[in-house]
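Topology and contacts: notes
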Amino acid sequence: MSIRQGLLALLSRGPRYGYQLRVEFEASTGATWPLNIGQVYTTLSRLERDGLVAPGGADEQGRAVYTITEAGRTELERWFSTPVAQDDRPRDELAIKIAMAVTGADVDVAEVILTQRMATMRALQDLTQAKRAATGGLAQRLVLDSLIFKAEAEQRWLDHCEAVSKEKNA
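These numbers were taken from a predicted model, which means no experiment stands behind them.

Position of Glu 75 relative to the elements: it lies in helix α4 (residues 70-81). Given a relative accessible area of 16%, Glu 75 falls into the buried group. Looking at Glu 75, its side chain comes within polar contact range of the side chain of Arg 78, at 2.7 Å. When sequence neighbours within four positions are dropped, the list of residues in contact with Glu 75 reads Gln 5, Leu 8 and Leu 52.

Right under this line is the structure:
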């Protein structure tokens, strides 16, 4: 999730201050993508520079409050209506690591796969426990489900890599 669009989505619900945006962002994503408060304020500054948010004065405690502009609402609508392309996602470090391992001369591919499989299983167990303990509602559950499905898919892909690398060595 883009921090930029995530903050716009939160601001579309009404004026917010920086720390409030951080807390609500983390709550919406099930605390799976923690934000540094500096990221929030840097992003707010860029959104303001781009005319997508405007300072809305201060609340009763003197905290600077931001509001979404019409241009911000248009940007948010565009984001929600545009699918996320595979090209827009960062490189998959694990795929690169396995690719380099199978082409490497002195790399124990089976060990690389086993090490990753164990780490992925631990992550899957942690995510499953987090889902059981989740109290953040539907948004949190959906984020955790997405992460669980990705971890399960990674396990299947590691099985495939193991089978293909064994065929190569047979």
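Read on for the rest.
Here we come to the side chain of Arg 16. Summarising the element assignment, Arg 16 is placed in strand β1 (residues 16-17). The exposure class of Arg 16 is buried, given its relative accessible area of 12%. A distance of 2.8 Å separates the side chain of Arg 16 from the side chain of Glu 24, its partner in a polar contact. The residues contacting Arg 16, other than those within four sequence positions of it, are Leu 10, Leu 11, Leu 21, Glu 24, Ala 64, Val 65 and Tyr 66.

Let us look at the nonpolar core. One finds Leu 7, Leu 8, Leu 11, Leu 21, Leu 44 and Leu 47 to be the most contacted residues of the largest nonpolar core, which totals 17 residues. Of all the secondary structure elements, the ones that give two or more residues to this core are α1 (3-11), α2 (18-28), α3 (37-49) and β3 (64-68). Sorting elements by how many residues they give to this core places α1 first, with six residues. Not counting residues within four places of it along the chain, the set of residues in contact with Leu 11 comprises Arg 16, Leu 21, Leu 44, Val 53, Tyr 66 and Ile 68. Counting residues in hydrophobic clusters, the runner-up holds seven residues, among them Leu 94, Ala 101, Ile 113 and Leu 158.

Below, the discussion takes up the packing of α1 against α2. Look at α1 against α2: their axes get within 10 Å of each other, and the N-to-C directions meet at 105 degrees. Considering the angle they form, α1 stands roughly perpendicular to α2. Where α1 approaches α2, its residues Ile 3, Gly 6, Leu 7, Leu 10 and Leu 11 are matched on the opposing element by Leu 21, Glu 24, Phe 25 and Ser 28. In terms of residue class, the contact of α1 with α2 is made up of six nonpolar, two polar and one charged.

Reading guide: rules and limits
- Residues numbered from 1 in each chain as written.
- Predicted model: local features only at pLDDT ≥ 70, side-chain atom pairs only at ≥ 80, totals over all residues.
- Heavy atoms only, no water.
- Helix = DSSP H or I, 4+ residues; strand = E, 2+ residues; numbered from the N terminus.
- Buried < 20%, exposed > 50% of the residue type's maximum accessible area, 1.4 Å probe, protein only.
- Polar contact = N/O pair within 3.5 Å; in protein donor to acceptor, adjacent residues only side chain to side chain.
- Contact = heavy atoms within 4.5 Å.
- Core = buried A, V, L, I, M, F, W, Y, C linked by side-chain atoms within 4.5 Å.
- Axes fitted to C-alpha atoms, helices over the stretch in contact; angles between N-to-C directions.
- Parallel < 35°, antiparallel > 145°, perpendicular 65-115°, else oblique.
- Nonpolar A, V, L, I, M, F, W, Y, C, P; charged D, E, K, R; others polar.

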